[in-house]
Amino acid sequence: MILSVWSNPTLSAGPDQIVCAGDSTVLNATGAVSYQWTGGVINNVYFTPQASGIWIVSGIDANGCNGVDTMAITIPQPAVFAGNDTSVCPGFSISLNASLANTYQWSTNTSNGNTYTPLSNEVISVIGYDINQCPAYDTLLVTVFPAAVVDAGPDIQVCSGSTVTITGNGVATYSWDNGLTNGQSFIPPVGVVTYTVTGTDVNGCLDNDQMVLTVWANPVVSAGNDQAI
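To start, this report covers the structure provided alongside it. Quick caveat: nothing in here was measured; it's all calculated off a predicted structure.

## Side note on the pairing of strand 10 (residues 135-144)
Argument step 1. Where strand 5 (residues 86-88) and strand 10 come together, three bridges link them in parallel fashion. Bridge assignment links Ser87 to a residue of strand 10, and that residue is Thr143.
Argument step 2. As judged from the eight bridges shared by strand 9 (residues 122-129) and strand 10, these two strands associate in the antiparallel manner. Along strand 10, the bridge assignment pairs Ile124 with Leu140.
Argument step 3. Hairpin connection, strand 9 to strand 10: the antiparallel pair is bridged by five residues, and Gln133 has positive phi, about 65°.

## Quick word on unusual backbone geometry
Argument step 1. The phi dihedral of Asn44 is positive, around 65°, even though this residue is not glycine.
Argument step 2. With respect to the helices and strands, the residue Asn44 is situated in the loop between strand 2 (34-37) and strand 3 (53-60).
Argument step 3. Asn44 sits in the partly exposed class, given a relative accessible area of 48%.
Argument step 4. The backbone of Asn178 sits at a positive phi, close to 60°, despite the residue not being glycine.
Argument step 5. Within the secondary structure, Asn178 sits in the loop between strand 13 (173-176) and strand 14 (185-186).
Argument step 6. Residue Asn178 is classed as exposed on the basis of its relative accessible area, which comes to 53%.

## With respect to the nonpolar core
Argument step 1. In this structure, Ile166, Trp176, Phe186, Tyr195, Met211 and Leu213 are the most contacted members of the largest nonpolar core, which totals 17 residues.
Argument step 2. Those elements that place two or more of their residues in this core are strand 15 (191-200) and strand 16 (206-216).
Argument step 3. The element contributing the most residues to this core is strand 16, with three residues.
Argument step 4. Each residue touching Leu213, except ones within four places of it in the same chain, is listed here: Ile156, Val158, Val164, Ile166, Phe186, Pro188, Gly191, Val192, Val193 and Tyr195.
Argument step 5. Of all hydrophobic cores here, the second largest spans 15 residues; its members include Val88, Ala98, Ala101 and Tyr116.

## A look at the state of the cysteines
Argument step 1. Tallied over the full model, the rule gives two disulfides.
Argument step 2. Between the sulfur of Cys20 and that of Cys134 lies a disulfide, 2.0 Å long from S to S. Judged by the sign of its S-S torsion, about -90°, the bond between Cys20 and Cys134 is left-handed. Of this pair, Cys20 sits in the loop between strand 1 (17-18) and strand 2 while Cys134 sits in the loop between strand 9 and strand 10, placing them 114 residues apart in sequence.

Reading the values: rules and limits
- Residues numbered from 1 in each chain as written.
- Predicted model: local features only at pLDDT ≥ 70, side-chain atom pairs only at ≥ 80, totals over all residues.
- Heavy atoms only, no water.
- Pairing = 2+ DSSP bridges.
- Helix = DSSP H or I, 4+ residues; strand = E, 2+ residues; numbered from the N terminus.
- Buried < 20%, exposed > 50% of the residue type's maximum accessible area, 1.4 Å probe, protein only.
- Core = buried A, V, L, I, M, F, W, Y, C linked by side-chain atoms within 4.5 Å.
- Contact = heavy atoms within 4.5 Å.
- Disulfide = S-S within 2.5 Å.

None of the figures reported here should be taken as evidence of function without further support.
Following this line, the structure appears as structure tokens:
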């Protein structure tokens, strides 16, 4: 009799793979005629792996001999941090500086590390990609405070020697130019002076306003020459 002993096929499951979460891939073994993968995977048909793991394939060649090989699928767990929620005064910029990822894509179309000026309350999102180009997501809440509004008070006209009190209102603190103290009385010199106040509200936001103080010189009155009668 003749006894033939066939060699088992040299089966290749293919190279190990890195697959982003939610993406599909295909397992394509070679070296045999038919293949059976663990996990219900069909050879050369796309599927979506749910977790990292080892996939085993057995293949049968034309002689009915069986070969086995394995391949690993790794699903990375990328991360990104958009930064802490923040608040700003109107017209001020914030720095968009995400971390933990390799590259970043902001919803504002701003490059990571650059500044952005929000016009109103806004939720800004960022996508961070790891070295495998797998994405992670995070958001940043930006609150824009109401604009500060300071009022320097009405313009004032007085005669020389009069006592004047200039008082700003509308915010929390006031800083006047020309050495003035808010709400403090003083006797101004003759002339026309524009006073500017910078007001700061409870959120630290600033506003400016002006008032004009006009001091008239007192008239020089003549009663005439002394007389004897």
